[in-house]
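One letter stands for each residue in the lines below.
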Amino acid sequence: METAYCRTTGSEFHTTLREFDGNPAVEGLLVLATPGEGFTPAAVDETLRELSTPVFGGLFPKVIHAETAHADGAVVAGLETRPAVETITDADEPIDTGGDGDYETAFVFVDAYADDGDRFVQQLFNAYGVAYTYIGGGAGTLSGDTRHCLFTDEGLVGDGAVVARVTGESTIGVEHGWTDLGGPFEITAADGRRLETLDGQPAYDRYADIIDAETEQTVTETNFFEVAKSHPFGISRLGAERIVRDPFAVADGGALRCFGALPEGEFVHVLQGDPESLVAAANRAHAVASEAATADSALVTFDCISRAQYLDAAFDRELAALSRRAGTIGALTIGEVANDGRGHLEYYNKTAVVGAIDGV
C-alpha cells in the first residue's frame, strides 16, 4: 500500500488525489484527513466526483503518519486491490449483501455525531456477522459542527457511514487500559446516546455522587468535560474488557450525552485510568496486530482523540507504541469501530485499535 502525506489547504490535496487516481497500480483510495482552516468542502466534492478510483475515508481531529499526529493534513493510501465501497445513509434500509466475493476485511467509518451512528454499526453486523474483520472509527471534528465528514465517490457526506470491503485478511488488536472505579450501576433509562437515569436517579446527579465519593474531584456542569475525560463509563461484557462509553456533556433534565449508545437494563461501571495503564494497553493492541503481520502487511491504527486529551504530554509515548513499525498510518478518531474477526462488532470509545492488513 503506497501512502503519502499532504496539506489539505490549497491545491496540494487535490493534486495528490489526482496523482493516486492516475496511477494504474492503484485500485482504491483510503483518505484520512483533517479539515484545516482553508478546507473547502465544495472543491473537495468536485475532485472526489472526478476520480475514477473508488474512494473512502473521513475527516478526523488528527491523522497519523511517520510517527506523528498531524492536525493540518491528509494521509492518502493507494490500495493494490479494488475495494467494494458502500455508503449507508438510512439505518432502516437493509444492506445489500450480494456480490460478497472473497472479501475478508471491512473498513468502517461513521459520522460520530449521527444520531443513528450505533445503528449503522449494528446494521453492518446484522448483514455480515463475523464474515469479516472490521476496523475503523468515528469521523468528525471536536467542534461538533455538522459538516459532512465521510469521503465517498459522490463527495463528502454526513449523518451516515461508509464501508469498504477488501480481500486482504487482517488481525486486529483492541485494548483500552481503563479499570473500575465504582459500580456496577444499572442504566434505568436511556435513549440511544442519551443516558437519562442510573439506578433510578438522574444520570448527572448519580455520576457526580460517584466522582465525589471515589475521587478528590468535584464535578459541575462547567467542568464536566474535563472530569469526564478521566472517568468514562464501562459497559460489562462477559469474559471481555468493558466497552467504554465517553460522556461529554450534560443535557437537559440531568441527562448525559455520550459517544455511543448505552442500552437500558445494562450495567456500567465508572472507570479510571493512568498514563501507564493506557500506554500499556496501546502496546498490547500493537503486539496483537503485529504478531501476525508480514513484511507486506499494512499497519493501520485508530486511537481515540479523548485518550490523547487525557494523556496530554504522555500521548507521545502512546503514539510511539502504536507507530513502532515504520509506515503505520491512521487517525485520532471520535470513537473506534472494530472486532477481532470472531466477536461482536462494537463502537468503542477511548480505545486503541491496531490492524495488520494483508494484500492491500
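Read on for a plain summary of the structure. The shown structure was predicted, so the numbers you read here are calculated from the model rather than taken from an experiment. (Residues numbered from 1 in each chain as written. Predicted model: local features only at pLDDT ≥ 70, side-chain atom pairs only at ≥ 80, totals over all residues. Heavy atoms only, no water.)

## Regarding the overall build of the protein chain
Then, in step 1: A count of helical and extended segments in the protein chain gives eight helices and 25 strands.
Then, in step 2: Its C-alpha atoms give the protein chain a radius of gyration of 20 Å, within 12% of the compact-globule value 21 Å for 360 residues.
Then, in step 3: For the protein chain, the residues scored as buried account for 57% of the 360 residues in total.
Then, in step 4: Intrachain contacts of the protein chain at a sequence separation of at least 6 include 80% that bridge at least 24 residues. (Helix = DSSP H or I, 4+ residues; strand = E, 2+ residues; numbered from the N terminus. Rg over C-alpha atoms; globule rule 2.2 N^0.38 Å. Buried < 20%, exposed > 50% of the residue type's maximum accessible area, 1.4 Å probe, protein only. Contact = heavy atoms within 4.5 Å.)

## Points about the packing of aromatic side chains
What characterises a pair of aromatic rings is the spacing of the ring centres plus the angle enclosed by the ring planes.
Then, in step 1: Enumeration over the complete set of coordinates arrives at 14 aromatic pairs.
Then, in step 2: Taken together, a centroid distance of 5.7 Å and an interplanar angle of 75° make the contact between Tyr113 and Phe259 edge-to-face. With a gap of 146 residues between them, Tyr113 in the loop between β8 (105-111) and α3 (117-128) and Phe259 in strand β19 (residues 256-259) connect regions that are remote in the sequence.
Then, in step 3: On the basis of relative accessibility, which here comes to 26%, the residue Tyr113 falls in the partly exposed class. (Phe/Tyr/Trp six-rings, centres within 6.5 Å; stacked < 30°, edge-to-face > 60°.)

## Regarding the packing of helix α6 (residues 275-291) against helix α8 (residues 315-322)
Then, in step 1: Direction vectors running N to C along α6 and α8 enclose 10°, while the axes themselves pass 8 Å from each other. On the basis of their axis angle, the class for α6 and α8 is roughly parallel. Where α6 approaches α8, its residues Pro275, Glu276, Leu278, Val279, Ala282, Asn283 and His286 are matched on the opposing element by Arg317, Glu318, Ala321 and Leu322.
Then, in step 2: Classifying every residue of the contact of α6 with α8 gives six nonpolar, two polar and three charged. (Axes fitted to C-alpha atoms, helices over the stretch in contact; angles between N-to-C directions. Parallel < 35°, antiparallel > 145°, perpendicular 65-115°, else oblique. Nonpolar A, V, L, I, M, F, W, Y, C, P; charged D, E, K, R; others polar.)

## Quick notes on the environment of Leu59
Then, in step 1: Among the secondary structure elements, Leu59 is positioned in strand β3 (residues 55-59).
Then, in step 2: Take Leu59: its relative accessible area is 0%, and that puts it in the buried class.
Then, in step 3: Expressed as a C-alpha distance, the spacing of Leu59 and Leu29, which sit 30 residues apart in the sequence, is 14 Å.
Then, in step 4: In this structure Leu59 touches Ala33, Thr34, Pro35, Phe39, Ala139, Gly140, Arg147, His148, Cys149, Phe151 and Leu156, once residues within four positions along its chain are discounted.

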